[in-house]
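# Remarks on the overall topology
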Amino acid sequence: MNFDDMKETLTDLIKLYRKRGASLRNQVNPLINKSGLITQASWNNTFTHLEQYEESEITRDQFSVAIEDFRKDLFSKILYDNKFISIINKPSNYQEIKNCLEDFTFESFDKVNASNLIEEEDEDFCYKSISNSTTTYIFKKIRKYSVKEDLKVSALKLEYQNDGYDKLFAYVDISLPCFDSIMMDDEREIIILAADLSSIFQVDHLRGAVASLKTIIRQGTPEDIKVTDKNTNFFAAIQKFYEEDLGNVKELAFKTDDGVAHYENAKRGISCIKDGDFHIGGTDVADIEAYKIRKTYSAAEPSQENSVYLVSSWYVLNGNLGERKLGEATISASSHREFFVIIDKLLNWSK
């Protein structure tokens, strides 16, 4: 690869971080710094500075290290981070479904060019990635979301600037490449349907993306191979995640046995809600029934963490026991191993 191509590849990788809502300071700059390149305080300055590098043996080595580190980290994020998932557990026709997916036209995800990933157009084939017992089929989709921008009143035409407006806002539509996936895990015999970028899009949009993945399977398989609409019910896992000693509870909604609803959100400097007085002393005299929880776990990299987010409602909790259902969870993980640590907990603690 010539040096100009190296600069373009690294720039495209970093642009995809930006599009996915990553933090320049906390996620991108540590990787740049690790390679020996100089970090900048803004995205635009970062791109400008990368373009100004001149070729030498040292800079080629630095860019080579940076490209490899960014590819490894970014591709892992695309596979396992910020995912809205549902699970089909041990379908009787698991192998038939996988065989049909293997007939799709696909490209190796590990070898894809970063420039292709940031292009703002859908693709009519899938990427394929294999890790341990898991085969992941990845589908690139372009979705739009609106961003609210605060403009100066001076942006108005002159004849309107003196009409008493205090603030001016504009909504900008952003096109974003998303990577939804169908994960087939042979060891567990489960199908995981994962919609990308759960923190950016609303729940209804994410549910629609999961439904589209089922449609992809149905359209790509013979009519006699059915895909069930019954997902694993995660509701019972909410309480188990609360009771588990490992990890930190960051957000919690629950009901006590006197019928009172509580909501807690860990403020800055508080590592775990369960360290509070109520949860230490109060649980001896009050039964807690949780219906919403966000929990984090330490990751292999000190600057990262893994998390699971389960959201039900007060109304579901107070309904009939047989109607307590939750078919989706949000998972953020930094690797295949850490992703499936959370998946296994969901499977073990769900009905």
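Provided above is the structure to which this section pertains.
The following refers to the structure shown. (Residues numbered from 1 in each chain as written. Predicted model: local features only at pLDDT ≥ 70, side-chain atom pairs only at ≥ 80, totals over all residues. Heavy atoms only, no water.)

## What about the pairing of strand E11 (residues 329-332)?
Which entries qualify depends on this criterion: Throughout, exposure labels follow a simple rule: accessible area from a 1.4 Å probe, protein chains only, divided by the maximum for the residue type, with under 20% read as buried, over 50% as exposed, and the rest as partly exposed. Working definition: helices are DSSP H or I runs of at least four residues, strands are E runs of at least two. Numbering for both runs from the N terminus. Whether two strands pair depends on DSSP finding at least two bridges between them.
The two faces of E11 match: Ala 329 and Ile 331 on one face and Thr 330 and Ser 332 on the other face are all buried. Here strand E1 (residues 83-89) runs beside E11; their pairing, made up of three bridges, is antiparallel. Along E11, the bridge assignment pairs Lys 83 with Ile 331. Sheet topology places strand E10 (residues 305-311) next to E11; three bridges connect them, and they run antiparallel. Opposite Tyr 309, over in E11, you have Thr 330 as the bridge partner.

## Some thoughts on the side chain of Arg 143
As a reminder, the rule being used: Any pair of N or O atoms that falls within 3.5 Å is considered a polar contact. Within protein, one atom must be able to donate a hydrogen and the other to accept it, and sequence-neighbouring residues count only if both atoms are side-chain atoms.
Its place among the elements puts Arg 143 in strand E4 (residues 134-151). By relative accessible area, which is 16% here, Arg 143 ends up buried. Of note is the side chain of Arg 143, whose polar atom sits 2.2 Å from the side chain of Asp 180.

## Comments concerning the packing of helix H8 (residues 235-243) against helix H11 (residues 336-349)
Going by this rule: Helix axes are fitted only over the stretch in contact, all axes being lines through C-alpha atoms; the angle between N-to-C directions runs from 0 to 180 degrees. Any angle from 65 to 115 degrees is called roughly perpendicular, while one under 35 is roughly parallel, one over 145 is roughly antiparallel, and all others are oblique. By convention the crossing between two helices is left-handed if the near helix lies anticlockwise of the far one by an angle smaller than a right angle, and right-handed if it lies clockwise. Residues count as neighbours in contact if any of their non-hydrogen atoms are within 4.5 Å of one another.
As a packed pair, H8 and H11 sit with axes 8 Å apart at the nearest point and diverge in direction by 115°. One finds that H8 runs roughly perpendicular with respect to H11. The handedness of the crossing between H8 and H11 comes out as right-handed. Residues Ala 236, Ala 237, Lys 240 and Phe 241 of H8 lie in contact with H11, whose contacting residues are Lys 345, Leu 346 and Trp 349.

## Overview of the pattern of salt bridges
Heads up, the condition is: Definition used for salt bridges: Asp or Glu carboxyl oxygen within 4 Å of a side-chain nitrogen of Lys or Arg.
Evaluated as defined, the whole model comprises 20 salt bridges. Residue Glu 102 pairs with Lys 128 through a salt bridge whose shortest N-O separation is 2.8 Å. Taken together, the residues Glu 102 in the loop between helix H5 (94-101) and strand E2 (106-108) and Lys 128 in strand E3 (residues 126-131) connect sequence positions 26 residues apart. Glu 102 gets classed as partly exposed once you look at its relative accessible area, which sits at 29%. A relative accessible area of 14% places Lys 128 in the buried class. Between Glu 244 and Lys 295 there is a salt bridge, and its shortest N-O distance comes to 3.0 Å. In this pair, Glu 244 is assigned in the loop between H8 and strand E7 (248-256) and Lys 295 in strand E9 (residues 288-298), connecting sequence segments 51 residues apart. Salt bridges linked by common partners bring Arg 20, Lys 83 and Asp 196 together as one network.

## As for the sheet that holds E4
The strands making up a sheet associate through hydrogen bonds between their backbones, and the pairing can be parallel or antiparallel. As summarised here, the arrangement of the 11 strands in space is E2-E3-E4-E5-E6-E1-E11-E10-E9-E7-E8, forming an open sheet in which the pairing is mixed. At either margin of the open sheet sits one strand with a lone partner, and together these are E2 and strand E8 (261-265). Neighbouring strand axes in the sheet, compared pairwise and without regard to direction, differ in orientation by 25° on average. Packed onto the sheet, helix H4 (residues 57-80) meets E1, E3, E4, strand E5 (168-185) and E11 and runs at close to 55° relative to E1. With respect to the sheet, H5 is in contact with E4, E5 and strand E6 (190-196), its orientation differing from that of E5 by roughly 120°.

## As for unusual backbone geometry
If a residue is not glycine, its phi is most likely negative; likewise, a peptide bond is most likely trans. With phi around 60°, Asn 82 is a residue other than glycine that occupies positive phi space. You can see Asn 82 is positioned in the loop between H4 and E1. We note that Asn 132 has phi near 55°; this positive angle belongs to a residue other than glycine. Here Asn 132 lies in the loop between E3 and E4.

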